[in-house]
Every structure is written in C-alpha cells, then in structure tokens.
Amino acid sequence: MNLKKKLSIFTALAVLQAFAVGSVSAQSAPQGDTASVNTANVESVEVLQQEQPIAEREVKTESNNKSINTPPTEAKDTQTSTGTEAIPKTESEKPALDGGETPANETGTKPVVQEETPEKVETPATPAQIEQPSVDGTSPAVAGGNLTLYMNSNKMEQDGKTYLAGQPMAVKNGVSYVAIRALVDRVGYGVKYDNKTKETIIISGDDELRFKTNSKDYTVNGETRTMKGPAYQQKNTFMVPLTSITQALNITYKVNQSAKTVVLNLNTKPVASFTISQKEIFAGDQVDYVTSSSSPNGMDIVDERWTGRQDSFDQAGTYTISYQVQDSNGQWSDPYSTTIEVLAPNLPPVAMFATDKEQYKMGEKITYTDQSTDDEDNIDKAVWENNSLAFFEPGPKTVTLTVTDNHGATDTYSKVITITNETLYSFSDFNLLFTPVGQKFTFNGGEVTSMEKVSYTYTDEPSLLIRSNSPETVNTEGIVYKESSSGQTRFMIHHVNNTGKRVKMYVIATNNNPNPAVFEQQNMGFAGPTPYATVAGKLSIDKWFKSIQTGADQKKEYLQPGESKLILTELNKTPMKEGQVISLYSDAYSDYSLDYNVILVEENKDPFEALPLLPVLDRDGVHNRGTYPNATRIIKYDEHVGIKPARLPLGDNSSDPNLVGTDPMAYTDASNAGNFGVLYKITLTNVAPRTLISFNPRGGKYSGVALVNNQVVSIAEGNVAVSNSSEQSVLYRTGAYGESVTILFSAAPGSNLPVNLLFTPLPSEK
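Digging into helix α7 (residues 533-550)
With 18 residues, α7 extends 26 Å between its outermost C-alpha atoms, agreeing within 8% with the 26 Å of an ideal straight helix rising 1.5 Å per residue. All buried positions along α7 are accounted for by Ala536, Gly537, Lys538, Ser540, Ile541, Asp542, Trp544, Phe545 and Ser547. Gly551 sits one or two residues past α7 and shows a positive phi near 75 degrees.

Examining the nonpolar core
Counting 48 residues, the largest nonpolar core has Leu650, Tyr702 and Leu731 as its most contacted members. Per-element tally for this core: the top contributor is strand β47 (residues 679-687), with five residues. Beyond its immediate chain neighbours, meaning those up to four positions away, Leu650 contacts Tyr456, Ile635, Asp656, Tyr680, Ile682, Phe745, Leu753, Pro754 and Val755.

Here's the deal with the packing of aromatic side chains
Throughout the structure, instances matching the rule amount to 25 aromatic pairs. Aromatic ring contacts, followed pair by pair, group Phe274, Tyr289, Trp306, Tyr323 and Tyr336 into a single cluster. Directly above the aromatic system of Tyr458 lies the positively charged group of Arg633, at a separation of 4.3 Å from the ring centroid.

Re unusual backbone geometry
The phi torsion of most residues other than glycine is negative, and most of the peptide bonds are trans. In the segment running from Ser470 into Pro471, the intervening peptide bond is cis, with an omega of 5 degrees. You can see Pro471 is positioned in the loop between β33 (464-468) and β34 (473-474). Its identity as a non-glycine residue notwithstanding, Asn675 has a phi of 55 degrees, on the positive side. Tracing the sequence through the fold places Asn675 in the loop between β46 (668-672) and β47.

As for the pairing of strand β52 (residues 739-745)
Looking along a regular strand, one sees the side chains alternate between the two faces of the sheet. Relative to β52, β47 runs antiparallel, the two sharing six bridges. Residue pairing in the sheet places Val687 in a bridge with Glu739 of β52. In this structure, strand β49 (residues 704-708) lies alongside β52, joined through two bridges in antiparallel fashion. Bridging from a neighbouring strand, Leu707 pairs with Leu744 of β52.

Examining the sheet that holds strand β7 (residues 170-172)
The sheet built from four strands is open, its strands ordered β7-β8-β15-β14 with antiparallel pairing. In the strand order of this sheet, the two ends are held by β7 and β14 (232-234), each with one partner. Each adjacent strand pair in this sheet contributes to an overall mean axis angle of 45 degrees, direction not counted. Relative to strand β8 (residues 175-179), β7 runs antiparallel, the two sharing three bridges. Bridged to Ala170 within β8 is Tyr177.

What about the sheet that holds strand β25 (residues 359-362)?
Taking strand neighbours across the sheet as the criterion, the four strands line up as β25-β29-β28-β27 in an open arrangement whose pairing is mixed. A single partner strand is all that each edge strand has here, and the edge strands are β25 and β27 (379-385). Taken pair by pair, the neighbouring strands of this sheet meet at an average axis angle of 30 degrees, ignoring direction.

Some words on helix α6 (residues 427-434)
For α6, every residue scored as buried is listed here: Phe430, Asn431, Leu432, Leu433 and Phe434. In this structure, the buried side of α6 is in contact with β30 (440-442), β48 (691-697), β51 (727-733) and β53 (755-761).

Quick notes on the pattern of salt bridges
Tallied over the entire structure, the rule returns 23 salt bridges. Between Arg210 and Asp194 there is a salt bridge, with its nearest N and O atoms 3.3 Å apart. Placement of the pair is Arg210 in strand β11 (residues 207-211) and Asp194 in strand β9 (residues 190-194), with a sequence separation of 16 residues. Measuring nitrogen to oxygen at the nearest pair gives 2.8 Å for the salt bridge that ties Arg502 to Glu603. Here Arg502, found in the loop between β35 (478-497) and β36 (503-510), pairs with Glu603, found in the loop between β41 (581-602) and α8 (607-610); they are 101 residues apart in sequence, far enough to count as distant. Here the residues in one salt-bridge network are Asp194, Glu199, Glu208 and Arg210, joined through shared partners.

Notes on the environment of Arg186
Locating Arg186 in the fold gives a position in helix α4 (residues 180-187). Here Arg186 falls in the buried class, since its relative accessible area comes to 5%.

Reading the values: the criteria
Residues numbered from 1 in each chain as written. Predicted model: local features only at pLDDT ≥ 70, side-chain atom pairs only at ≥ 80, totals over all residues. Heavy atoms only, no water. Helix = DSSP H or I, 4+ residues; strand = E, 2+ residues; numbered from the N terminus. Expected span 1.5 Å × (residues − 1). Buried < 20%, exposed > 50% of the residue type's maximum accessible area, 1.4 Å probe, protein only. Core = buried A, V, L, I, M, F, W, Y, C linked by side-chain atoms within 4.5 Å. Contact = heavy atoms within 4.5 Å. Phe/Tyr/Trp six-rings, centres within 6.5 Å; stacked < 30°, edge-to-face > 60°. Lys NZ or Arg CZ within 6 Å of the ring centre and 35° of its normal. Pairing = 2+ DSSP bridges. Axes fitted to C-alpha atoms, helices over the stretch in contact; angles between N-to-C directions. Salt bridge = Lys/Arg side-chain N within 4 Å of Asp/Glu carboxyl O.

Here it is as structure tokens:
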C-alpha cells in the first residue's frame, strides 16, 4: 500500500475516533494503531483520549516493555511544533511533591529509542488530548478510592482496577508531571478546552483551574498562581505539574519511594446522613426524618434511596434504617445506618385527687391527696388550681389538677367541694396554725412595731469579711476589690456585668511571704450567672448553708513564696453575659497573710497577665464594700420567747449595729449597712410550747433561706419572695413542749434589710 493510501486510511480512522467524542482513550490496544492516529493529517478535528481500565497482566512498565508507555515511533528529543518537549527517562527519577521538587538523578539514564516520522507526511500541531471532553463537558463516573500513580510509568490503580494514562508520570527539570486528562478522570472532575483563550480547564464543583501550554502561570478561580514548571504537551498529551492540582484542590498524598508510588487521598463519594427529630418514637406516631448530604467535589445530589424507612411504625421493636445519596457523577454514598427503638404507644397519665371530706366549714383545713397515675410511673409536673388549704367564703369551690408525664402527655381532673356558712377558724388563726413551713401568709404588718423586742446580746467569732459589692454594676474591666488577710476569712462577692462584653470574674491569691502558704476553702455558695439578682442572692445563701451542713466543697491550695493562684474557682467557670449577676459566699482559712485581688476581665483574657494593667474601680456611691472584722455574731438568748408576741430585729443598726471596717482601696472607714455577709448563729434556749417562729421583712422585698435546727428553710418557697412588711414566712412551730431552737441566718444579696424574727403564740386548735 503506498504512503498516500495509508495516510487516507489513518485520517479516516482519526475522524471516526474524534466523533466518538471522548470515548476513545489511551488503550491497551497495540500501539501501532495509536501511533497512526497521532500522525494523521487532521486539521480541524480535536482528538480526545481517555484512560481505560485494563487487566493487571496487560500492564507493562517502561523498564520491561516500552511499547505500553511510548509508541514505537516517537518524535525526536527536541522542541516540537506544538511546543511539546520530549525528555529522556531515568531509572532513578523521583517526584518531589511537597513543592520543593529536586532535579532527577542523571545517573542511569537510558535514552529512549527514537524513530523519525516519515519525511513525506507533514503532521500539523494538534491540541492536547484533554481539549475536548465528552459531549456534556464532564468526566466519566469514577470510583471513590485512593489513586495510586507509579513513577516513570503510565500505570494507575484505583479500587482494584488498573488504568493507563496517555503518558507516564515524568520528572522534567526536577518537576513531577502527570497527564492531566487521566488524572482528572480518575479524580472525578470535569475538563474542557476553551478555544478562544487556548486554555485547558479543570472544574471541581465551584472551583475552576485554567492552564496554558508552555506557561508556568495558571489560574484558580480567577487568581493567578505560579507552578514549579510550565505545562507542556507530550505526544498530544497535556502534562502539568502534579502539585499544581493537588495544592489548588487540597488533595493530600503520600510518596512511597521504595514502591515508587504516589498515593492521592481521594474522597469523591458523596456523604449521606440523617437524624430523627423525636427523642422517643412510639408505635403509630409519625416519624420526622431530617436528611443531610454533601459532595466533597461540590457535585449536585440528584437521587436518594432508603432501606427500612417507614413514616410510622405499627409495632414496637428494633428497626435499622439506611440512607444513601447519589451525586451528578453517578456515585452513590456509603449507606448511613442507624438503629432505632420503637416503643409501645405512650398512654397519657390519669389525673386524680381526693379530699378528706366533701363539705367543709369556712376556715377548716382541707387535705388534698394526689392519686394521679402514669403507666410508666413518671409524672413530671402537677399543676393545681384553687387548691386553697381553706376557704373563707361559703359556696361551691372547683379545684383542678393537671398532670403531665415525661412524654408531654397531659390529663386534667376537677372536683367540686362545698363550703358551708359555718366558721371553724378565722383567716388569721388558720394561717398561724396551718400555713406550711417555707410558705408565706398576709397579716397586719403594722402590729409588728408594737411587739416587744427580744433584748439580746451577742459575741463575735473572729472572721474577717471581704465584701465586694461596689460597684455592684460593673461598667468596665478592672479590680473590684483588693485586700490582704490571714486566718479565718469570709468572701462575699456580688456583681452585675454592664460592660457590654462577655466577661469573667476571678479571685487571685498571691503569697508574698518568704514561706509557703496554705489556702483552705471551707465551704462554697455560688450562684449565677443569671439576670435576676434576688435569685442569685437566695441561691448562693442556700448553697452556702448546704455546704456548711455537708462539709462539701472543701479544697486546699498550696502557694510557694511569690506564687499567685486562682482561688474560689467556681466564680470563673462560666462567662457572664451583659446584664447577668453572680453571687458568692465562702469561708476560708490561710496560715499566712495572702494578697487577694477580685477582678473582672473579658472572658478570653489571661487574668494573671491582665492584673498588672487593670485599674482599681471606684465605689458606686450606693452599694457597700469593705473589709470588716468579727463577721460572725453569736446570739444566745436564755429567756422565754413565745409566751407573748415578740420580735428579734436583725440588720437594723440599732439592736444589731453595723460592722465597722475599712475600704482599703479608697483608704476610708466603712460601715456595713444591713450587715450583709455577717453570719448570725442564734440559739433560743427556751421557746414556749406552741409558738410560731416566722420571718418578716421590714426594708422591702426579701428572698433567701435560713438554717433552722439544721434544716434549710426557704423564705419563701420556689421563686416567691416575701414582698413587704405585711407578709411573713413560716420558719418553725414548736409542739406541745418547750424547745431550744437554733437558727443560722445571713442576709441574701439582692434583698433588703432590716428584717425581724417574729415569735407568736399559736391559737388553740379545734
């Protein structure tokens, strides 16, 4: 066959192959055919080739069969008309993929056997093989496993399959190059050619990479970057530095020099997951599935499939549900599975209560017995309406109880009782007799001032009070208190954050002695952060008393000479938001004098670094701060109380004088108004039989606790405060015999002083 006829046949083959539009690839077929196509005289058709999987036995590396990696007829090792530079191969070439490519070792170079192209055939320059991908511009569907590239070979492995690139992975001038089309096909990216700009384009989700032949510059999403070496064409295969793609698309890899491989860590599979919004699923209930999916390559999620999903499950039992999604490349995610427990249908609770009678006199005590039930014995909440302990007007009274179980199911029961026209107890007598401990009732508060005062005396226990309460509302970072103390010390800290920032409060102790020191935290009452000052104050006293009872919260810190440490660290566990309040009570002991700094700084600042730069904050002119000795008062009263109405005032600066101390930051004397921070230990050794001991505020709203006969008693229960001087909260009742009663009391921050303890003889029971 003459040369002209040969050329015509080869040209026809090239045209047919071009119309396959990207389905033609670098094959394991005999290289002579491929070589013929490459040398065909085709001027307007851009030939595309893609790699295809082959059997492992068909792959032969360059060292044992050059016919796979290079055609038998190759261009000379010179610059071709397309700008492609052919380079020799070496046995010792190693890609340096960390961006610091090193030149290939020149030793052991084996020149490639070259055969000139027939002189009578003029082969024009052809575009790189990736210039025209498939019809829609996307790469074929790929698997999701890692991709292994072999140095000096066109062999690639992925998911147990072997593929051939158009050209071997090569090192040129110390830069590792790969065939771009083969790589992006395996990675799963799109690739196309821009005829106007003469750029090869890689598309990965929203990312776009553009390369030009013979240029070191390429763009990533419009931003120009520089490669270690220029892109070039080798036998119609577009070659680019491997690191240009891995760096731009954040592909990680590992180099195995002994195996002469580069393993690209690919995760091209989409990811699927789902949750079920219900915490518990009951048979027959609608199940709410919330799905989530994504693609590492930014591909669209186009399909999904479920296994085991039901919108509702008819029967109780264990079920496994799986969910998968498919991306626009055709890849399915791994199944995301979860096992759920479907419970038997929840039965609502049954609300029910009984009264000890159906009919009552006015002022007669009513006993309510809650008889509500639940199939799981788990009633979370019971709400009563109109369940007064007694009624003082005649007529029918409807009492209602609503109960809620732990699943939110509710039931309500109502009962009507009858109140007759007869009177058993007056309103006042009934409350004195039957108002429960910890609850309040109203009375004529004007009678209190006419009651006889209990003329008590007191002694002091040595304890130094550090009261940090001014400025109560802190507007800027700074030192809110600083003092030195040894021996028994009590801390009372109560502040509001008004800095406009999230802040923390700290107490820093510094040992400026030549000897090691020990700081012992004996108890702790801390509350907050909360927006409510009275809530924080009440809860801090409540926790303090409980800590005194149990001996919990004891800690020791050892400070070496010159060392600073954080103490009372409950204070700084949680940042304070704008407008939030913290409140702290704690007793402590140190064997040497320690310097204390109470500071407020932004939450992320180091308190030790911040301390030297902080200003000392001024008092606010309203609230109190100071260091006060003798902060524990011992009141022991041996005379009778309760035979007639009487009162014991506290915090009035008369019967109970204010502590006198100093403000060490303002260098002035200080008076502890209200005696906040003082612990009163009251022992009444001779309380008459049938005596009511109650708490009556005289300075305004009060919410706190007291420790009565070693039992914590609320003033008053829940979030209820004793609102004014016409209310009293029940602390204790003596029985048929006289008793000795002990009361521990300390004024709750956020509440008002003075207060009275009232002693009222009880009326006779009927």
